[in-house]
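Single-letter residue listing:
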Amino acid sequence: MSNTFSIKRFGMILRWNLLTNWRHYLNTTIGMAIGLVMIVFTTIGDATRMKEMGIERGLSDTDMIVWQLGYMLAFTAFIFCFVLAAYIFANMGTKLQRETFMMLPGSNAEKYLSRLLFATVGAIVQFALAVMVADAIQALYALFMHPDFLPSLTLAAIKSLGQNLLIGITLGNSAHVNMVIPQVAATAVLLFSSSFAVLGGTLFRKRPAVITGSIWLALIIGFSYLMAQMVRAGVLDRIPVLDVSELNWIVIVVSAVMTALAVINYWLSYRIFCRMQVVCNKWVNL
């Protein structure tokens, strides 16, 4: 098979992936939607009780829901996308599945990119669909239980996304720069996390999400411990006070480094995929 990249073959592999694994994607989305319904119902119920008690928080009903669900949904989305990225090659669990996928008429780059898209972009799409399903269910419930209180998480999320895009478009406005920098840093962290999960999912054959997640958690705990020791030792007190512009440049440099590391992780993942065989080690794909 030619090593050149063909858009037509790539599209056919994407179609094959979708038609072969659509039940798995549907079940995953439904399962995530059920979990989100529980989270949404709990938060909506709390907000409704506070509204009935006359407790005001200085926010509109919709904004109140967004604030309460924001952190929980963000954390849930991170875990969901991390796990699905770690299961990038869940379609190659058996020998027959590995033979079928590896014998597809396409280059290694086309096959790898198809799985990468389903494991990353596909995970985001599945989570978005799950959010909309959960939002529709809670809206139907609210219509009968408290019709005067009908927040829409989906519309609020779209509104928030639009505001962030507007800030990005008007980046030249110095007032918006300090708002964009944290978003750039968060994007770099998420990209690196996704690439780390993909690398672990490509390397480990059995329980990739558990092993990769454990390594990721160990790294976070180790980094947190190191920072705590530096604070106790007074190392950070010796660093001169920086102004906002200097801090922004440091964040940009760190974000660029994390983005470069993410690219390296994806490249290593691809190289491991190219070395995969039908019969591999019991635990690793080498």
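Placed above this text is the structure.
Predicted model, so just to flag it, every value in this text is computed and none were measured.

Visitor: Please clarify how the overall build of the protein chain should be interpreted in this entry.
Guide: Along the backbone of the protein chain there are nine helices and zero strands. Counting from the amino terminus, helix and strand elements in the protein chain follow one another as α-α-α-α-α-α-α-α-α. By residue count, 34% of the 286 residues in the protein chain fall in the buried class. In the protein chain, 76% of the contacts between residues at least 6 apart in sequence involve partners at least 24 apart. Carbon together with sulfur atoms contributes 72% to the accessible area of the protein chain, which is approximately 17,300 Å² in total.

Visitor: Teacher, can you tell me more about helix H8 (residues 208–233) here?
Guide: Side chains of residues three or four places apart in an α-helix project in the same direction, reflecting 3.6 residues per turn. The end-to-end C-alpha separation of H8 is 37 Å, in line with the 38 Å expected for 26 residues at 1.5 Å each. When we look at burial in H8, the residues that qualify are Pro208, Ala209, Thr212 and Trp216. Backbone geometry just downstream of H8 places Gly234 in the positive-phi region, at approximately 80°.

Visitor: Would you mind showing me how to read the nonpolar core here?
Guide: Nonpolar side chains in soluble globular proteins generally cluster together in the buried interior. The biggest cluster of nonpolar side chains holds 21 residues, and the ones touching the most others in it are Ile88, Phe89, Tyr112, Leu116, Val198 and Phe273. Sorting the residues of this core by element identifies helix H2 (61–86), helix H4 (108–119), helix H7 (174–203), H8 and helix H9 (244–275) as the ones contributing at least two each. Per-element tally for this core: the top contributor is H7, with four residues. Setting aside residues up to four positions removed in sequence, Phe89 forms contacts with Tyr112, Arg115, Gly201, Thr202, Phe273 and Met276. If you look at the next biggest cluster of nonpolar residues, it comprises 14 residues, including Met32, Ala33, Leu36 and Leu73.

Visitor: I would appreciate a short explanation of the packing of aromatic side chains in the present structure.
Guide: Think of a pair of aromatic rings as described by two things: how far the centres are apart, and how the planes are tilted against each other in angle. Following the criterion strictly, the structure yields 14 aromatic pairs and no others. For the ring pair Tyr112 and Tyr270, a centre distance of 5.5 Å and an interplane angle of 70° mean the geometry is edge-to-face. Residue Tyr112 is found in helix H4, and its partner Tyr270 is found in helix H9; the two are separated by 158 residues along the sequence. Here Tyr112 falls in the buried class, since its relative accessible area comes to 5%. Classification of Tyr270 as partly exposed rests on a relative accessible area of 22%. Aromatic side chains Tyr112 and Phe273 sit 5.9 Å apart centroid to centroid with 45° between the ring planes, which places their arrangement in the tilted category. Of this pair, Tyr112 sits in helix H4 while Phe273 sits in helix H9; the two residues are 161 residues apart in sequence, bridging distant segments of the chain. A network of ring pairs unites the aromatic residues Trp16, Phe89, Phe101, Tyr112, Tyr270 and Phe273 as a single cluster.

Visitor: Where do I start with unusual backbone geometry in this structure?
Guide: As a rule of thumb, non-glycine residues mostly have phi less than zero, and peptide bonds are mostly trans rather than cis. Positive phi, close to 50°, is recorded for Arg207, a residue that is not glycine. If you trace the backbone, Arg207 turns up in the loop between H7 and H8. Take Arg207: its relative accessible area is 51%, and that puts it in the exposed class.

Visitor: So what exactly am I meant to see when it comes to the environment of Ser193 here?
Guide: Examined against the element boundaries, Ser193 turns out to sit in helix H7. Of the residues examined, Ser193 reaches a relative accessible area of 1% and is grouped as buried. Linking Ser193 and Trp216, residues 23 residues apart in sequence, is a C-alpha distance of 8.4 Å. Ignoring anything within four residues of it in the chain, the contact list for Ser193 reads Phe78, Phe82 and Trp216.

Visitor: Honestly, the environment of Val254 in this entry has me stumped. Any pointers?
Guide: You can see Val254 is positioned in helix H9. By relative accessible area, Val254 is classed as partly exposed at 43%.

Visitor: Any chance you could explain the side chain of Thr120 here in plain terms?
Guide: When you line up the elements, Thr120 lands in the loop between H4 and helix H5 (121–145). In terms of polar contacts, Thr120 uses its side chain to reach the backbone carbonyl oxygen of Leu116, at 2.5 Å. Beyond its immediate chain neighbours, meaning those up to four positions away, Thr120 contacts Ser194 and Val198.

Visitor: Where do I start with the packing of H4 against H5 in this structure?
Guide: Relative orientation and spacing of two packed helices are given, respectively, by the angle between their axes and the distance between those axes. At their nearest, the axes of H4 and H5 sit 3 Å apart, and the two run at 25° to each other. Of the possible angle classes, the one that applies to H4 and H5 is roughly parallel. On H5, the residues touching Leu116, Leu117, Phe118 and Ala119 of H4 are Val121, Gly122 and Ala123. Across the contact of H4 with H5, the residue classes break down as six nonpolar, one polar and no charged.

Visitor: Sorry if this is basic, but what is going on with a nonpolar patch on the surface here?
Guide: Among the surface-exposed residues, Phe41, Val133, Ile137, Leu140, Tyr141, Leu143, Phe144 and Met145 lie close enough to one another that they form a single nonpolar patch of about 790 Å² accessible area. Looking at the nonpolar patch element by element, the count peaks at seven residues for H5. In this fold, Val133 is placed in helix H5. A residue is classified by how much of its surface remains accessible, and Val133, at 39% relative accessible area, is partly exposed.

Analysis parameters
Residues numbered from 1 in each chain as written. Predicted model: local features only at pLDDT ≥ 70, side-chain atom pairs only at ≥ 80, totals over all residues. Heavy atoms only, no water. Helix = DSSP H or I, 4+ residues; strand = E, 2+ residues; numbered from the N terminus. Buried < 20%, exposed > 50% of the residue type's maximum accessible area, 1.4 Å probe, protein only. Contact = heavy atoms within 4.5 Å. Areas by Shrake-Rupley, 256 points an atom, 1.4 Å probe, with all protein chains shown as cover. Expected span 1.5 Å × (residues − 1). Core = buried A, V, L, I, M, F, W, Y, C linked by side-chain atoms within 4.5 Å. Phe/Tyr/Trp six-rings, centres within 6.5 Å; stacked < 30°, edge-to-face > 60°. Polar contact = N/O pair within 3.5 Å; in protein donor to acceptor, adjacent residues only side chain to side chain. Axes fitted to C-alpha atoms, helices over the stretch in contact; angles between N-to-C directions. Parallel < 35°, antiparallel > 145°, perpendicular 65-115°, else oblique. Nonpolar A, V, L, I, M, F, W, Y, C, P; charged D, E, K, R; others polar. Patch = residues over 30% accessible without salt bridge, like charges linked within 9 Å, V, L, I, M, F, W, Y side chains within 5 Å. Salt bridge = Lys/Arg side-chain N within 4 Å of Asp/Glu carboxyl O.

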